[in-house]
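Okay, here's what each chain looks like letter by letter:
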Amino acid sequence: MTYEPPLEKHSVNIREVVLGEGEKAKKIGGENTFPFHFFEGALPNPPGLALEFLDMQPENWTRRTLEPFQDVLSDPLEWARKGVEEYGAEILCLRLLSTDPMGRDAAPEEAAKTVRNVLDSLNIPLIVLGTGTEDKDSKVLIEVARACSGKNLLLGPVLKGNYQEIAKAALEHGHAIVAQASMDANLTKELNIALCKFFPPEKIVVDPTSSALGYGMEYTFSIIESIKQFGLVDKDNMMRMPVFSDVAGECWRTKEARESGEQGILWEAITGMTFLLAGADLLVLRHPEALRLIRNMIS
Amino acid sequence: MALKGAEIMKMLPKTNCKECGCATCFAFAMKLATGGVKLDDCPYIDPEAKAALEAAMAPPIKLVTVGVGQNALVIGEEEVMFRHEKTFFHEPGIAVLISDKENEPDIVEKIARIKDLRFERIGNVLKVNLLALSNDSGDRDTFGALVKKAYEATDFPFILISEDTDILFSTAAMCADRRPLVYPITSENVSAAIPKLKELGMPAGVKGDSLDEVISVTSQLKEAGVEESVIDPGSKDMLEGIRDQTLIRRAALKKGFRPLGYPTMAFPCFMCKDNYEEALATSVLMTKYAGIVVTSLTEKDFIFPLLVHRFNIYSDPRRPMTVEEKVYEVGQPDENSPVLISTNYALDFFIVAGAIEDSDIPAFLCIKDTGGIGVLAAWTSGKFTGEAIAEFLKKYDVENKVKHRKLIIPGVAKKLKDELEEELPSWEILLGPSEASDIPKFLSEEWRV
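What you see is a predicted model; the values in this text were computed from it and never measured. (Residues numbered from 1 in each chain as written. Chains lettered and ligands numbered in written order. Predicted model: local features only at pLDDT ≥ 70, side-chain atom pairs only at ≥ 80, totals over all residues. Heavy atoms only, no water.)

1. A look at the overall build of chain B
As a reminder of what qualifies: Secondary structure elements are defined from DSSP: runs of H or I of at least 4 residues count as helices, runs of E of at least 2 residues count as strands, and each element is numbered from the N terminus. Each residue's exposure class comes from its accessible area (1.4 Å probe, protein chains only) as a fraction of the maximum for that residue type: buried when under 20%, exposed when over 50%, partly exposed otherwise. The contact rule is simple, with two residues in contact once any of their heavy atoms fall within 4.5 Å. Shrake-Rupley sampling with a 1.4 Å probe provides the accessible areas, and residues are treated as covered by the protein chains on show and by no other component. The positive count covers Lys and Arg only, the negative count covers Asp and Glu only, and His and the chain ends enter neither. The atom standing in for a charge is NZ when the residue is Lys, CZ when it is Arg, CG when it is Asp and CD when it is Glu.
Of regular secondary structure, chain B possesses 16 helices and 17 strands. For chain B, the proportion of its 449 residues judged to be buried stands at 53%. Restricting the contact set of chain B to residue pairs at least 6 apart, pairs at least 24 apart contribute 66%. When the accessible surface of chain B is summed, it comes to about 19700 Å², and 49% of that surface belongs to carbon and sulfur atoms. The positive charge centre, built from 53 side chains, and the negative charge centre, built from 70, are 5 Å apart in chain B.

In structure tokens:
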């Protein structure tokens, strides 16, 4: 029996999506093989690693996650700047927590102003996330889309109940979107089909929602793996979008991350690394140390 | 490699004697292909044909056992590349590396620490599996002393590592009753190793600098009758590890390539600059197919996340996302402890149970079978109604577990509160928080008996 390396080639690739504009713009996706399979295919873009920041003082964050940003927590712009200049983030993710209708319920205009302010000063690829509340998010993200017209933000989460309004605004103002469908590859596909009736597929990143190590990580892992298989192996046109994993909040909410900061950093880094191994193209991370660790592993 | 009935048919006597219990040889062949009958049931099969059929029908990845008894590590017989295609069957062994160059007090302390790397998590025991004992000193007696110490102090199975084949086997003989994995068996020492492996009945840790070398060694071992091997493809970093592990499993599963049809091992302990990187590389190699990972990590903060990681990836995705219906005890609750109720949707359960643990207030967590659907959907479909919950409390005799009569229900289920007040007039129904993460705050502020 002679051995021939059983290499597998795929004739399609995951769509390439551009985040941001100008010289700092980042591309994600574009691969025609499974994660890290440099031996049998092309992975033109390394996975995107975004550092999270909030538009208000965090509540319930652990000491270990507050530490790196202790001096800038009350100022989103300075927080963002520190993420970029001190911790080397090349993509940022702004979570508009102030707009939570169950919390401060800040006005869409106020949130949009914060986003604009960060963009004007830093001009780096920016993910802007609402709070997952369909009605409020559509008001907030439409306002953000308008205020940052042409900046190619990545706006999300776009859900079954608000995709039409948000995607329409994103299209009009030249932004990309995160299409979120919870823990089911079929729902991911359904939402993509609905979106692609009027929205360009190369501006969509999909989020099957993330769970943390020890709290259902394996479900996210397998859904990402199956989405990528549908896309690459079955050549399903509606499943060839890059995958987005919001690791930050889920990991640091766990008991294990809260009881030990060192363990928390590993909790976040292992969860993130596991999703990259499944095929995620873009991660949102909270701790700069987790970001650094993952960046070292994949560079 | 699974054989089709028609292929098996060619090897049978074709006499339709019916002595196997099947009407025809063809019927027997079809049943054999799906595992419904055993080859031994055919009294007239030609011995050569039988051997050939047995070889062809063997699982594509050999099952290998390292160690003995209840601590033995069993790996191999994996069937898929992706866990969602079926499941991963045998959790990889986590082996902790100990060198005979380490100082004696350090070794004693390290072994004690490794024995403590054992955790309970939602009814499951998570632990490291093996000691990888390494003869870095090059000295026979020093290595012998390390193995003796490990032998006396623990009942872990061992991987014995020595570049000196003589030392390797003379030391292996000292602990033959533990059935260690001996490593490395290479193209250079395989001829000398074969009689020893057969005499001692141990699995071989095959090391090659290329897959071609591995194939040559496993083929020689197989030819000589050494059945159990574990392959180390010699990967030097994480990316090589992913490549080698993927190609080995693919060759075995998709090509039926026997010389690579063995479980594998990887050494993240030699791939990384620091402990954090090593932990990440270890998690990656466990997911991407290693049967054994050898680590230098011994601290809880590093090992525990890896144990949970392995537990997650090797859980069976064919199981619905549910947990068993029962009254779970979180911490050690007593008759004054709070009683909470939720659905058996697995993700909700982990989060709620974790939040209660986080509160440091022991509690009874009642988990009602809702077929794995969440609170609101279960209420709508009648599986988590006042009536259903009242029945649950009765069935599990919750009234006799506590002296108080207070039931905490999920905060999203406001309408359920009215129903329960009607069904359970003797109980006070407390509406808990909507977010599980607020449970610790809720319990510490609201819980009074």
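2. Describing the interface of chain B and chain A
What counts is decided by this rule: For any pair of parts, buried area is found by adding up, for both, the accessible area (1.4 Å probe) each one loses once the two are put together. Salt bridge, as used here, is a side-chain nitrogen of Lys or Arg placed within 4 Å of a carboxyl oxygen of Asp or Glu. Counting of polar contacts relies on pairs of N or O atoms within 3.5 Å, with two restrictions inside protein: one atom must be capable of donating a hydrogen and the other of accepting it, and residues adjacent in sequence are counted only when both atoms are side-chain atoms.
With 53 residues of chain B at the interface, the matching set in chain A holds 44 residues. Contact between chain B and chain A buries roughly 4600 Å² in total, counting both sides, with carbon and sulfur atoms accounting for 68%. When residues of chain B are sorted by the area they lose upon contact with chain A, B:Arg250, B:Tyr276 and B:Leu280 head the list and together hold 15% of the total. Connecting chain B to chain A are 6 salt bridges. We note a salt bridge from A:Glu8 to B:Lys254, for which the minimum N-O separation is 2.7 Å. Connecting chain B to chain A are 15 residue pairs in polar contact (both at pLDDT 80 or more).

3. What about the packing of helix α7 (residues 190–200) of chain B against helix α8 (residues 211–223) of chain B?
Residue and element names in this part refer to chain B. In plain terms, the rule: Interaxial angles span 0 to 180 degrees and are taken between N-to-C directions of axes, which are lines fitted to C-alpha atoms, for helices over the stretch in contact. Take the far helix as your reference; a near helix turned counterclockwise from it by less than a right angle gives a left-handed crossing, and one turned clockwise gives a right-handed crossing. Residues are grouped as follows: Ala, Val, Leu, Ile, Met, Phe, Trp, Tyr, Cys and Pro are nonpolar; Asp, Glu, Lys and Arg are charged; every other residue, Gly included, is polar.
Between α7 and α8, the least distance of the axes is 10 Å, while the angle of their chain directions is 35°. Judged by the twist between their axes, the crossing of α7 over α8 is right-handed. Contact with α7, carried on its side by Val 190, Ser 191, Ile 194 and Leu 197, involves Val 217, Gln 220 and Leu 221 of α8 and no other residues of that element. Of the residues in the contact of α7 with α8, the class split is 5 nonpolar, 2 polar and no charged.

4. A word on a negative patch on the surface
Residues and elements named next belong to chain B. Spelled out, the test is: Distance thresholds for patches are 9 Å for like charges and 5 Å for nonpolar side chains (Val, Leu, Ile, Met, Phe, Trp, Tyr), applied to residues having over 30% relative accessible area and no salt bridge.
Together, Glu 387, Glu 391, Asp 418, Glu 422 and Glu 423 make up a region of like negative charge exposed at the surface. By residue number, the principal contributor to the negative patch is helix α15 (residues 414–423), which donates 3 residues. As for its position among the elements, Asp 418 is in helix α15.

5. Things to note about the pairing of strand β16 (residues 406–409) of chain B
Residue and element names in this part refer to chain B. This is how it is decided: Only strands that DSSP links by at least two bridges are regarded as paired with each other. By definition, the crossover connecting two strands over a helix is right-handed if that path, from the first strand to the second, turns clockwise as seen with the strands pointing away from the viewer.
Taking every second residue as pointing to the same face, both faces of β16 are buried, with Lys 406 and Ile 408 on one and Leu 407 and Ile 409 on the other. As paired elements, strand β14 (residues 339–343) and β16 share 2 bridges and run parallel to each other. Residue Leu 340 lies in a different strand from β16, and its bridge partner there is Ile 408. Of the pairings in the sheet, the one linking β16 to strand β17 (residues 428–431) comprises 4 bridges and is parallel in character. Bridge pairing in β17 places Leu 407 opposite Ile 429. Between the parallel elements β16 and β17, the chain passes through α15 in a crossover that is right-handed.

6. Thoughts on the sheet that holds strand β15 (residues 363–368) of chain B
In a beta sheet, neighbouring strands are held together by backbone hydrogen bonds and run either parallel or antiparallel to one another. Residue and element names in this part refer to chain B. Strand order in the open sheet formed by 5 strands is β13-β15-β14-β16-β17, with mixed pairing between adjacent strands. Of all strands in the sheet, those with a lone pairing partner are β13 (326–330) and β17, marking the two edges. Ignoring strand direction, the axes of neighbouring strands in this sheet form an average angle of 30°. Pairing between β13 and β15: 5 bridges, direction antiparallel.

7. Considering the confidence of the model for chain B
The condition that has to hold: Scored between 0 and 100, pLDDT is the confidence that the predictor attaches to each residue.
Of all residues in chain B, 99% have pLDDT values of 70 or greater, and the mean over the chain is 93. Overall fold confidence for the complex sits at a pTM of 0.89, while the interface term, ipTM, reaches 0.96.

8. Some remarks on the pairing of strand β10 (residues 229–232) of chain B
Every regular strand shows the same layout, with side chains that alternate between the two sheet faces. Residues and elements named next belong to chain B. Residues Ser 229 and Ile 231 of β10 are buried on one face, and the alternating residues Val 230 and Asp 232, pointing to the opposite face, are buried as well. As defined by bridge partners, strand β9 (residues 204–207) adjoins β10 across 4 bridges and the pair is classed as parallel. Bridge pairing in β10 links Val 206 to Ile 231. The β-α-β motif built from β9, the intervening α8 and the parallel element β10 has right-handed crossover chirality.

9. Some points on the packing of aromatic side chains
As a reminder of what qualifies: The aromatic pairing rule takes the rings of Phe, Tyr and Trp, using the six-membered ring of Trp, and pairs them if the centres are within 6.5 Å, calling planes under 30 degrees apart stacked, those over 60 edge-to-face and the rest tilted.
Inspection of the entire model under this criterion finds 17 aromatic pairs over all chains. Put simply, the rings of A:Phe53, A:Trp61, A:Phe69, A:Trp79 and A:Tyr87 touch in pairs and so form one group of aromatic residues.

10. Observations concerning empty space enclosed by the protein
Short version of the rule: Two kinds of site are reported from a 1 Å grid over the protein atoms alone, namely cavities, where a 1.4 Å probe fits but cannot get out, and pockets, open sets with protein on both sides within 12 Å along at least five of seven lines, and residues are called lining when an atom falls within 4 Å of a point. Grid points are joined across faces, edges and corners, and a volume is the space filled by probe spheres set on the points.
Applying the stated criterion to the full structure yields 4 cavities of 30 Å³ or more. If you trace the largest cavity, you find 15 residues lining it, with A:Phe34, A:His37, B:Phe82, B:Lys288 and B:Tyr289 closest to the centre. Mapped onto the lining of the largest cavity, the elements with two or more residues apiece are α10 (261–278) of chain A together with α9 (238–255) of chain B. Its residues assigned to classes, the lining of the largest cavity shows 8 nonpolar, 2 polar and 5 charged.

11. Quick word on the pattern of salt bridges
One pass over the structure, following the stated rule, counts 41 salt bridges over all chains. With a closest N to O distance of 2.9 Å, B:Arg318 and B:Asp316 form a salt bridge. One network of salt bridges, in which partners are shared, links A:Glu8, A:Glu40, B:Arg250 and B:Lys254.

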